[in-house]
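So you can see what is in the structure, the chains are spelled out below.
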Amino acid sequence: MSKISGPDTKQIQYDRQLRLWGDHGQKALEAGRVCLIGANALSTEILKALVLPGLGSFTIIDHQLITLEDCGSNFFVHPSMIDQPRARVTCELLKQLNPDVHGTYVDKPCIDDLLKQNTFDFAQFNVVITANLPLNTLVILSSHLWSLKIPLLVARAYGFIGTIRLQVVEHHIIEAHPDDTIPDLRLDHPLKSFVNHCNSVDFNSLTREQHLHMPSLIILYKTLQQWQKQTNRIDIPRTRKERDEFKQILEQLSHHSAYDASDLNKSLENFDEAKRVIPSRLVNTTIPSTINNLFQDRSCLELSNQSHMFWFIINAMKLFTQNEGQGLLPVRGEVPDMVTNTNSYVKLVEIYQEQAKKDCETIHNYLIDLLKQHNRFSTMSSNEAATLHELVHIYCKNATFLNVMRTASITNEDDSLKKLIEQIPLESSSDESESEVSWYIGLRLCDAFYEKFNRYPGEFPLSTNDETNSDQRQLEIDFSDLKQIGKQLFNSDRQQSSIRENIVEELCRYGASELHSISAF
Amino acid sequence: MFASSSTSENSNLSINSIGKLPEESSVLVVGAGGIGCELLKSLALCRFGSIGVIDLDTIEVSNLNRQFLFRREHVGQPKASVACDSIRRICPSIHIEPFHGDVLTDPRFDMSFYKQYDLVINALDNVQARQHVNRMCLLCSKPLIDSGSTGYNGQATLIFKGRTQCYDCIEKPKQQRTYAVCTIRNTPSQPIHCIVWAKFLYNQLFGDNEDPNNEDVTPDSDDPENANNELENKTNGHHRVSTRDWIHKEMEEFDPKRIFNKLFFDDIIYLTSMKNLWEKRRQPIPIEYGKACLVKEKNQNGQGDHDESTMPKITDQRIQSISDYVQMFIDSVNDLKQRSDKQREIALTTKEPTFLVWDKNDDADLRFVTASANLRAHIFGINLTSKFDVKSMAGNIIPAVATTNAIVAGITVLQARKILATLPRLSHDHTLTSINHLTNVFISTDRKTGGIIQSIPLEEPNQSCIQCSDLEQPVRVRINMSLFTVSALYERVIRNHLKMNKPDVIIADGSGRILISADDDEDEQMMLKTLDQFKLMNGTILLCEEDYADDTNAALTQNMKIKLMLEHTDTIKDIDDYIIVDGHVIGEIKQSLKRKLPDVDNDDDDDDDNIQHLDDYQNEINIVKKTKRLSTTPNEHNTNTNNNSGAIHMLR
């Protein structure tokens, strides 16, 4: 079974993940260029999880040499490699995991000098990841990347805890891969062609076979029509009473003159299905608030020549909803599987897909107009213009789930931190286990400790066995130092109380050690 | 960073730890796949002293995206040994031992094997193996962590006998959906029906013809819907030949085109003659080889043609034309026929089977099922399915990435350390001191809270769980499963030894299969089959259940249940030999039987001569003795059941 040949092998190798994130996800991963700062256990584990599934390329920046300590926590290094450059060794070992991935390393100068010289081109990467980088370096790096609009992922493993912090100016979520979605069928705002199709069906003149194979979607719409007529309404049933009325009509429709008494016991799968799917079919079709927020977003309102394509398409979509869409997003064009024969099902798919195609076309036209208005269209290559159609198609299919993600810059974090601390209740209910904020504050204290002493609390060479007392003493000194720092940093009695002693103590015990099983995830 | 030695990091954190240290403990990891690889790495770096690894698989290309202990050059080698080699390269001092074998059937993995370890971790991909390890751990009172992952979700569950729910305390949903035979053979309406049919077909053509679970694929005229149609059947010219019989004749002068016409033309014509079936359904349209080669369209409905721009870029994800599938069918049948012949040759000189076993990762196997399923789908007017999707539907493929596995493994190792800390140090007593601080952990992305890792308190064991409730200790029977027949089990063990009369014998593996039914007359053919033909394994528990009706007093009618655990051994060579381990359990059963049944027959013949004496197991607490010697007079039992727990007492 080991027939190894070009692209086919690749598909077999990545088979299990393609089923998770699809070929677009894989393409994005293969185009990914990642920069990793620090070659410790944490960073190699991060890279391992990217290299195995087939990342495009990575660059490791680290100036240190391998120590015995590395061998204890990092799976990729071996005691025989001690004193070799960490960056080079880990880079080579990671490349062995997957020959398809390109990897390079920078082992000098160190990251601080690299940032000072400002010659290193960080713009070549899609994302920069740091692993256990000291705060002062991180602050410089983060503001640099903020201006370049390169996403930064700050990962940290500290004893038994770990943190991940993302700094991103703007991240567009297009293919969200939601777990379960309510199908976009719009029985409350039926498509014209769907209504016509339903009207061509007369329940009173169906043959037994036609009745048996009537798709549940049509059954539901027919029921809805009758219900609306009966109650003189134009919307869908909401209250329990209304739903019961609805179900009664549905029950009536399920009777057919061709059945004799014995047939009554026969289950009518399509009607059973109709009853079962009521909650996901009789829904109001609206524009989700996330999308409305996007429509109101400044980037959408103030399109310019420099705007990202994302905002052009969002704007085009907005124009569509205001005009042709009559307040609704483009039709997704997917019809869930249902009990019926193939022809009836295909007919329904055709109805919805045709509308989806039409909507997509309209938005595409709006987009071209917008691009022309802002002098973007003329500067596009013909290749780029050709892909626009497919791009719009993808946006339309995922219209409900489009979103944008923005985070604060790390430089501004202290302000938000102060706000957070104020939110912590003064006499916190102590039986509630340590909140995440408390841990976060604790870690910030450790950072301050590092700035002062150039080492983390509790991090010192262990003495030999008969001197464990001196270790204990050093631990106690660090503990009180750390508390002191906490007092200075927050400088108020109120905030003082929010620093939990038990957390500070625990942090000292960790001594910034990197545990493999923690880094591993 | 100032730590002086590589191990100090761990000891730094375990200063206050009590109980067993990782260095002193031994762990059994069952499964060296996605989670297994991550686990082994984490265990090794957390300085676990001794690790055993069981895996039956060999490495495949599709493993390489997450099982990082393996490289391309390892493809085809056993996972267990390659994984251990990789770990040793990084941690030369570790004691790690590979076991290449099936945890379900390999006789090496008996109770004494499990007893060597402090803790067992499951890193398995199927329910059956999990249930088995669960059972073994319950029997040995070993703590078990069951880990698993699907896509982005994962879990690590702790199982302690009597303290938490065991794996079987909650009934597991059926792994594979089953479909009505008639739907598969006569009236498919969904792609999956055609795929299931194609897999049956594979087994008919190339698979194990002895397997009783192997379904026929020819039209089934016993379809209840076809009840009124018998006359027509008889007058119809087509006489039914099962594929199995047909293929045996056909294999001599092997011609894929004839096979094609038999399956997709003759059989379909026969189906259409069963008129009742098509009253409410679209009638299938038979297709002949010559004509099928000319069909360039993808389906009668033009499915797949609407939008070229959304067409997947990967060939396997595309729907192909009918003529392509015809070619695919012919090619794959030829390939498989060649392989099947070769396999039969190999089987002459080795222990390998004479037949092929369908494998989702094998290209020819997958092409065969894809082509056959789609040709059948075409005939029945069902949507076609791409090779990519057929693979996941036919192979029950679970998506997987390294990231989730790494998280699961990391948590599992932390749990493992916590469990060890509760084990008394330097003692082989595995009663846990306290489990209050332990939890189950689930990993799933919750879109609302953004939380990824949730810990859930341990659940109390289910009192009526067949596997773990202490109320019923199983009677352990040691036999050679490839020699011992159902008939021997029934007559010798159940009727003669356990003194049951006519019980239902249910296979308690979650499948609910009934081995012997109290109501039906025994099928002689079936009774002569050996136990391994029913896929019963080492450790399978049989539930023997019988209602004793007391005609004189309805209130005395009682339900009698005995659990029987099968243990396989190769050392027994005689077909009728069996060994009962754990005599005192029988003693208890006999006691309760006695209470329930004051008048059990006494006219039993003594035919226990074949029961072997067991020298190898003298060291076991419950010694087995040759039953003949113990045959006692009826009035003796009451006195020596409890204090003589090492012996087996016959009830007569």
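The rules we used
Residues numbered from 1 in each chain as written. Chains lettered and ligands numbered in written order. Predicted model: local features only at pLDDT ≥ 70, side-chain atom pairs only at ≥ 80, totals over all residues. Heavy atoms only, no water. Helix = DSSP H or I, 4+ residues; strand = E, 2+ residues; numbered from the N terminus. Buried < 20%, exposed > 50% of the residue type's maximum accessible area, 1.4 Å probe, protein only. Contact = heavy atoms within 4.5 Å. Areas by Shrake-Rupley, 256 points an atom, 1.4 Å probe, with all protein chains shown as cover. Core = buried A, V, L, I, M, F, W, Y, C linked by side-chain atoms within 4.5 Å. Phe/Tyr/Trp six-rings, centres within 6.5 Å; stacked < 30°, edge-to-face > 60°. Lys NZ or Arg CZ within 6 Å of the ring centre and 35° of its normal. Pairing = 2+ DSSP bridges. Right-handed = clockwise from strand over helix to strand, strands pointing away. UniProt positions renumbered as here; feature names shortened; annotations may be inferred. Polar contact = N/O pair within 3.5 Å; in protein donor to acceptor, adjacent residues only side chain to side chain.

*Asks:* Would you take a moment to explain the overall build of chain B for this structure?
*Replies:* Helix and strand counts for chain B come out as 20 helices and 14 strands. Buried positions account for 54% of the 652 residues belonging to chain B. Taking the contacts inside chain B whose residues are at least 6 apart along the sequence as the reference set, 70% of them involve residues at least 24 apart. When the accessible surface of chain B is totalled, it reaches about 29,000 Å², and 49% of it is carbon and sulfur.

*Asks:* Whenever I open this one, the nonpolar core confuses me. Can you help?
*Replies:* The nonpolar side chains of soluble globular proteins are, as a tendency, buried together. Of all hydrophobic cores here, the largest spans 82 residues; its most connected members are Phe58 of chain A together with Leu40, Phe48, Ile51 and Leu69 of chain B. Residue contributions to this core peak at 9 residues, all from helix α15 (residues 402-422) of chain B. In contact with Leu40 of chain B, other than residues within four places in its own chain, are Val29, Ile51, Val53, Leu69, Ala83, Ile87 and Ile96 of chain B. Counting 52 residues, the second largest nonpolar core, distinct from the first, contains Tyr289, Leu366, Ala373 and Ala377 of chain B.

*Asks:* I keep staring at the packing of aromatic side chains and nothing clicks. Help me out?
*Replies:* Two aromatic rings are characterised by how far apart their centres lie and by the angle between their planes. All names here are of chain B. For the structure on display, the rule yields 23 aromatic pairs over all chains. Centre to centre, the rings of Phe99 and Phe109 are 6.0 Å apart; their planes meet at 85°, and the pair counts as edge-to-face. Separated by 10 residues along the polypeptide, Phe99 in strand β3 (residues 95-100) and Phe109 in the loop between β3 and α4 (111-115) bring together distant segments of the chain. The residues Phe99 and Phe109 share a single accessibility class, namely buried. Ring pairing ties together the aromatic residues Trp197, Tyr202, Phe206, Phe260, Phe264, Tyr289, Phe329 and Phe368, which thus form one cluster. Above the face of the Trp197 ring, Arg376 is positioned so that its terminal group lies 4.3 Å from the ring centre.

*Asks:* For this particular structure, what's the right way to read the pairing of strand β1 (residues 26-30) of chain B?
*Replies:* Remember that side chains alternate between the two faces of the sheet whenever the strand is regular. Residue and element names in this part refer to chain B. Counting buried positions over the 5 residues of β1 gives 5, a clear majority of the element. Alternating residues of β1 divide into Ser26, Leu28 and Val30 and Val27 and Val29, and every residue in both groups is buried. Looking at chain direction, β1 and strand β2 (residues 50-55) are connected through 5 bridges and run parallel. Counterpart to Val30 in the pairing with β2 is Ile54. Crossover handedness for the path β1 to helix α2 (residues 34-45) to β2: right-handed. With 4 bridges joining them, β1 and strand β4 (residues 119-123) adopt parallel strand pairing. In the sheet register, Leu28 faces β4, and the bridge partner there is Val120.

*Asks:* Explanation requested: the UniProt feature "binding site: Zn(2+)" (unreviewed entry) in chain B in the structure shown.
*Replies:* All names here are of chain B. The UniProt record annotates "binding site: Zn(2+)" (unreviewed entry) at Cys166, Cys169, Cys465 and Cys468. The named residues occupy 303 residues along the chain; their greatest pairwise C-alpha distance, 8.4 Å, places them in one compact cluster. With respect to the element layout, Cys169 can be found in the loop between β6 (153-159) and α6 (181-185). Judged by its relative accessible area of 7%, Cys169 is buried. Summarising the element assignment, Cys465 is placed in the loop between β8 (453-457) and β9 (475-479). Judged by its relative accessible area of 3%, Cys465 is buried.

*Asks:* Looking at this structure, I do not really get the UniProt feature "active site" (unreviewed entry) in chain B. What am I missing?
*Replies:* Residue and element names in this part refer to chain B. What UniProt calls "active site" (unreviewed entry) maps, in this numbering, to Cys182. Topologically, Cys182 is positioned in helix α6. Of the residues examined, Cys182 reaches a relative accessible area of 18% and is grouped as buried.

*Asks:* What is the right way to read the side chain of Ser332 of chain B from this model?
*Replies:* Mapped onto the secondary structure, Ser332 of chain B falls in helix α12 (residues 322-349). In this structure the side chain of Ser332 of chain B is engaged in a polar contact, spanning 2.9 Å, whose partner is the backbone oxygen of Met328 of chain B.

*Asks:* How should the side chain of His193 of chain B be read in this particular structure?
*Replies:* All names here are of chain B. On the secondary structure map, His193 appears in helix α7 (residues 191-206). Within the structure, His193 has its side chain in polar contact with the backbone nitrogen of Ser189 (distance 2.9 Å). Leave out the neighbours within four places in its chain, and His193 touches Tyr179, Thr183, Ile184 and Pro188.

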